Amino acid sequence: EETGLECVFDRIICFRQAHGGLFNRSDMFFVCLCRLAPHYEEKLREGSEIELLPQEEEILCADWIDMEDYAQQGVWKESPLYKEMNGAMLKAARHGIEYAGADNKEETSD
C-alpha cells in the first residue's frame, strides 16, 4: 500500500520474532512473496517501468532495487539470521511456486 502498487499475495516465505525490541516490545517480521497484479503485465512486456507512488505519510522514498543488491547490503552481512532470511527470499523469487521451503538446503546465499 505504501508504494501505490497493486499486488497479489502468494505466500509467507519466512518470518522471525524478537523480544525486548523498541519500547521493550516483541516484534515480528514477515517476508512475503507477492506478485504484481495482472494489469501490470502489458507494461512489463513493453519494457515500461512500473511507477512507484510513495505514501508520504508512511515512507520518504520508494525505488526498485535488484534483489541480489538488497540481500548483499552491508547491514545484513554480519547477521546469520538475515543471511538465512535473504537466502529464502532469493530462492522463492527464483523458483516461485516450485520453491521447496526451508528444508531445501541445496542453495544458499553467500
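Residues numbered from 1 in each chain as written. Predicted model: local features only at pLDDT ≥ 70, side-chain atom pairs only at ≥ 80, totals over all residues. Heavy atoms only, no water.

Novice: Tell me about unusual backbone geometry, and name the residues and values.
Specialist: A positive phi angle is found at N24, which is not glycine, with a value near 55°. Note that N24 resides in the loop between β1 (7-18) and β2 (27-36). (Helix = DSSP H or I, 4+ residues; strand = E, 2+ residues; numbered from the N terminus.)

Novice: Provide a residue-level description of the nonpolar core, including the pertinent values.
Specialist: Counting 12 residues, the largest nonpolar core is built from I13, C14, V31, L33, A71, W76, Y82, M85, A88, M89, L90 and A92. Only β1, β2 and α4 (80-95) provide two or more residues apiece to this core. The biggest single contributor to this core is α4, with 6 residues. Apart from residues no more than four positions distant in its own chain, Y82 is found in contact with R16, F29 and W76. Ranked by size, the runner-up nonpolar core spans 5 residues in total, among them L5, A37, I50 and L52. (Core = buried A, V, L, I, M, F, W, Y, C linked by side-chain atoms within 4.5 Å. Buried < 20%, exposed > 50% of the residue type's maximum accessible area, 1.4 Å probe, protein only. Contact = heavy atoms within 4.5 Å.)

Novice: Summarise a nonpolar patch on the surface; cite the residues concerned and give the values.
Specialist: Together, F9, I12, F15, M28 and F30 make up a nonpolar patch on the protein surface, roughly 520 Å² of accessible area in all. Among the secondary structure elements, those contributing two or more residues to the nonpolar patch are β1 and β2. In terms of residue count, β1 provides more of the nonpolar patch than any other element does, 3 residues in total. Along the chain, F9 falls in strand β1. (Patch = residues over 30% accessible without salt bridge, like charges linked within 9 Å, V, L, I, M, F, W, Y side chains within 5 Å. Areas by Shrake-Rupley, 256 points an atom, 1.4 Å probe, with all protein chains shown as cover. Salt bridge = Lys/Arg side-chain N within 4 Å of Asp/Glu carboxyl O.)

Novice: Before we move on, could you go through the environment of A71 and cite the residues and values that matter?
Specialist: Note on placement: A71 falls in helix α2 (residues 67-71). For A71, a relative accessible area of 11% translates into the label buried. Spatially, the C-alpha atom of A71 lies 8.6 Å from that of Y82, the residues being 11 residues apart in sequence. Discounting residues that sit within four places of it in the chain, A71 has contacts with W76, N86, M89 and L90.

Any link to function would need more than the numbers given here.
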